[in-house]
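Single-letter residue listing:
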Amino acid sequence: MRNGFIKAAAASPRLRVADCAYNRDRIIEAIRRAQALDAQLLVLPELAVTGYTCGDLFGQQTLLEGALEALLDIAAATEGGDLLTVVGAPLVKEGRLYNCAAVLQDGEILGVVPKRNLPGYGEFYETRNFTPGPGEVSGLALGESWVPFGGNLLFRCRELPDFCLGVEICEDLWVPSPPSGALAAAGATVIANPSASDECIAKADYRRTLVAGQSARLVCGYVYADCGPGESTTDLVFSGHNLIGENGALLAESPPFGEGFAVTELDLERLAGQRRRTTTWPLPPREEFTEVEFSMALRPVALTRAVSPTPFVPGDPASRAARCREILAIQAQGLAKRLEHTGASAAVLGISGGLDSTLALLAAVRAMDLLGRPREDILAVTMPCFGTSARTRRNAGDLCRALGVRLKTVDITGAVKGHLADIGHDGATPDVTYENAQARERTQVLMDLANLSGGLVVGTGDLSELALGWATYNGDHISMYGVNASVPKTLVRHMVETFALEAPEELRRVLLDILDTPVSPELLPARDGEITQKTEDLVGPYELHDFFLYYTVRWGFPPRKVFRLAKYAFAGAWDGETILKWQKVFLRRFFAQQFKRSCLPDGPKVGTVALSPRGDWRMPSDASAALWLRELEELDPAE
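Bear in mind that the values here come from a model prediction, so they are computed numbers and not experimental data.

Size it by volume and the second largest pocket reaches roughly 900 Å³. Lining the second largest pocket we find 35 residues, and of these Arg-270, Pro-311, Phe-312, Arg-323 and Tyr-550 sit closest to its centre. Listed by contribution, the elements that provide at least two residues to the lining of the second largest pocket are strand 15 (249-254), helix 7 (317-342) and helix 16 (542-554). Sorting elements by how many residues they give to the lining of the second largest pocket places helix 7 first, with four residues.

The next subject is the sheet that holds strand 19 (residues 378-382). Across the sheet, five strands lie side by side as 20-19-18-21-22; this open sheet has parallel pairing. On the outer flanks of this sheet lie strand 20 (406-409) and strand 22 (481-482), each paired with one strand and no other. Bridge analysis of strand 18 (residues 347-350) against strand 21 (residues 456-459) gives two bridges, and the strand direction is parallel. The residue bridging Ala-347 from the neighbouring strand is Leu-456, located in strand 21. On the sheet, helix 9 (residues 390-403) packs against strand 19 and strand 20 and is oriented at approximately 155° with respect to strand 20.

A separate point is the environment of Met-619. Relative to the helices and strands, Met-619 is located in the loop between helix 19 (594-597) and helix 20 (626-633). Judged by relative accessible area, Met-619 falls into the buried class, the value being 12%. In this structure, the C-alpha to C-alpha distance between Met-619 and Gly-248, residues 371 residues apart in sequence, is 29 Å. Once residues within four sequence positions are removed from consideration, Met-619 is found in contact with Phe-590, Phe-591, Gln-594, Arg-597 and Ser-598.

A few words on the pairing of strand 1 (residues 5-11). Extensive coverage of strand 1 is indicated by the burial of seven of its seven residues. Sheet topology note: the strand 1/strand 16 (residues 261-267) ladder contains seven bridges and is antiparallel. When the bridges of strand 16 are listed, Ile-6 appears paired with Leu-266. Both strand 1 and strand 2 (residues 41-43) contribute to a ladder of three bridges, which runs parallel. Its bridge partner lying in strand 2, Ala-9 is registered against Leu-42. Tracing the backbone out of strand 1, into helix 1 (residues 20-36) and back to the parallel element strand 2 gives a crossover that is right-handed.

Under the definition given, this model contains two cavities of 30 Å³ or more. Considered as a void within the structure, the largest cavity measures approximately 150 Å³ in volume. Around the largest cavity, the lining comprises 15 residues; the ones closest to its centre are Gly-461, Leu-466, Asp-476, His-477 and Pro-601. Residues that form the lining of the largest cavity fall into these classes: six nonpolar, six polar and three charged. Put simply, the second largest cavity is a space of about 40 Å³. Along the walls of the second largest cavity sit Phe-548, Thr-552, Phe-557, Pro-558, Pro-559, Val-562, Gln-583, Phe-586, Leu-587 and Trp-628, which together make up its complete lining. Elements represented by at least two residues in the lining of the second largest cavity include exactly helix 16, helix 17 (559-569) and helix 18 (576-592). Looking at which element gives the most residues to the lining of the second largest cavity, the answer is helix 18, with three residues. Its residues placed into classes, the lining of the second largest cavity shows eight nonpolar, two polar and no charged.

Reading the values: the criteria
- Residues numbered from 1 in each chain as written.
- Predicted model: local features only at pLDDT ≥ 70, side-chain atom pairs only at ≥ 80, totals over all residues.
- Heavy atoms only, no water.
- 1 Å grid on protein atoms, 1.4 Å probe; cavity = no way out; pocket = protein on both sides within 12 Å on 5 of 7 lines; lining within 4 Å.
- Points joined across faces, edges and corners; volume = space filled by probe spheres on them.
- Helix = DSSP H or I, 4+ residues; strand = E, 2+ residues; numbered from the N terminus.
- Pairing = 2+ DSSP bridges.
- Contact = heavy atoms within 4.5 Å.
- Axes fitted to C-alpha atoms, helices over the stretch in contact; angles between N-to-C directions.
- Buried < 20%, exposed > 50% of the residue type's maximum accessible area, 1.4 Å probe, protein only.
- Right-handed = clockwise from strand over helix to strand, strands pointing away.
- Nonpolar A, V, L, I, M, F, W, Y, C, P; charged D, E, K, R; others polar.

This is the structure we're talking about:
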């Protein structure tokens with residue numbers, strides 16, 4: 001439960017219809033399994049104590065007494081543990097029968113939630129036997145206890161207040177306005193749904209969509225437990241299709257007719273943070289809700305859920321290619337609109353033979369195609385100087401020829417030497433002045449060529465460089481429209497690769513060679529015509545920095561949690577000490593370099609993480625990183 005994680009499970013024990021003693025034992029077995037996995041929440045199916053398909057046997061006193069006795073035994077079996085268990089049972093209150101979910105922990109029944117929406121059609125004829133449950137909370141006598149009863153119940157953990165459970169039952173989810181909406185607005189971060197959903201063609205896909213969609217709408221964890229094969233097959237078949245969703249993503253499921261057990265971790269800290277950021281999140285409903293508190297020891301939760309080391313890059317090749325095409329379309333549409341609006345006669349950009357300028361050029365080509373303008377309206381400028389390698393210079397020229405754009409070479413060596421002499425630099429010491437003079441000269445050349453041609457300078461810097469401040473202020477930091485401004489470095493590579501695989505042979509060859517070229521600003525002298533300055537040797541691996549960026553900016557996670565996720569995601573690739581080293585570098589640079597981001601040119605937003613000062617990221621340029629760095633200093637990289 002540290003870092004906001006809880007382990008949640010959904011189980012479909014193999015039951016016998018109307019055999020409450022047998023079902024009790026199978027349910028207790030499921031509880032023991034969940035406890036062995038150190039789960040904090042277990043959800044079992046609708047009417048699991050009796051079986052859902054008892055029909056008119058629900059009118060038999062013998063069954064109802066057997067169900068209550070079994071439920072009390074199940075509650076007693078939870079004594080000594082803090083696992084929160086939700087189990088379905090038929091219960092009588094004031095002469096009426098209700099389809100209920102009982103919430104159990106440590107030998108007690110904490111509360112009972114009745115089903116509100118009862119189907120009364122076809123094979124689901126619940127209105128024949130059950131009464132729709134009320135929302136308002138009252139009391140219910142169970143054995144020697146008096147427990148809260150009603151739909152407006154919330155169960156909140158004292159030690160982890162972000163763990164707040166609400167319950168709805170099966171059909172409650174399928175109605176136009178599910179109870180979970182009000183429960184979430186009232187504070188529930190996790191919704192449990194004990195369900196009985198029969199299996200028929202395509203229903204599993206619909207169920208997945210429903211659970212994922214509800215978890216997205218409510219920004220919650222959603223644990224759905226389905227009846228399994230032990231139910232009657234007189235007219236229906238049940239498959240034990242259990243699902244666990246979180247904020248629109250399905251984290252775990254037991255496939256239909258499988259073992260009927262799904263388990264994963266829910267990130268409650270992430271959900272709470274997202275709700276705080278969502279300004280349209282509703283105020284608490286006017287209805288009264290009753291909170292039942294429970295205790296649960298705070299302890300580490302071993303992670304099993306998928307945490308991608310490349311959160312900006314889909315793992316599935318088809319999804320990745322589709323995303324790359326979509327992003328290129330966004331970039332091209334944004335640039336096309338800007339060219340059209342300004343009446344620019346040309347798109348002017350520096351082409352280095354590296355990945356970023358290649359992607360910017362591809363976006364410019366697509367923009368011109370969209371506008372129905374010739375590609376010769378793109379002026380690509382290569383500006384060799386001290387660090388330009390033969391390989392990148394060759395690739396820059398080959399790329400422009402393959403794409404059919406104009407290429408101009410402006411050797412800036414003499415201009416930079418003259419400038420360095422003018423300011424009293426010896427022209428040999430490879431310091432920051434030596435490097436930045438080249439970047440600023442290139443920007444001046446591009447701006448003046450744009451003026452000369454009535455064009456617009458297209459920026460090439462990417463999101464990762466902006467996060468780290470890896471740009472020369474008033475140099476490559478400046479343009480008239482930055483098409484790559486919200487594309488992270490780890491995704492730039494895949495975008496160029498996607499375009500390469502679909503390109504004609506000549507263009508494919510040069511793009512693949514660009515992909516194989518080390519990332520470098522090429523500001524230090526080349527050695528034997530080869531690159532000597534490699535960016536990742538200086539600022540660290542971009543795959544780590546993009547990971548830090550995603551979880552720091554998108555989710556607002558504290559450094560200790562980002563570190564833990566990074567260790568988990570990069571296990572076998574990077575050790576804890578190395579991750580911690582570069583995380584400190586990321587935070588120092590991210591805070592210190594905000595002044596560069598505070599005056600960025602316009603550029604299209606393509607994903608959920610962007611650093612535009614006009615909307616996505618507003619931060620003082622003199623904010624201190626001390627709190628964040630102190631948290632990292634207290635971490636043990638070996639833990």
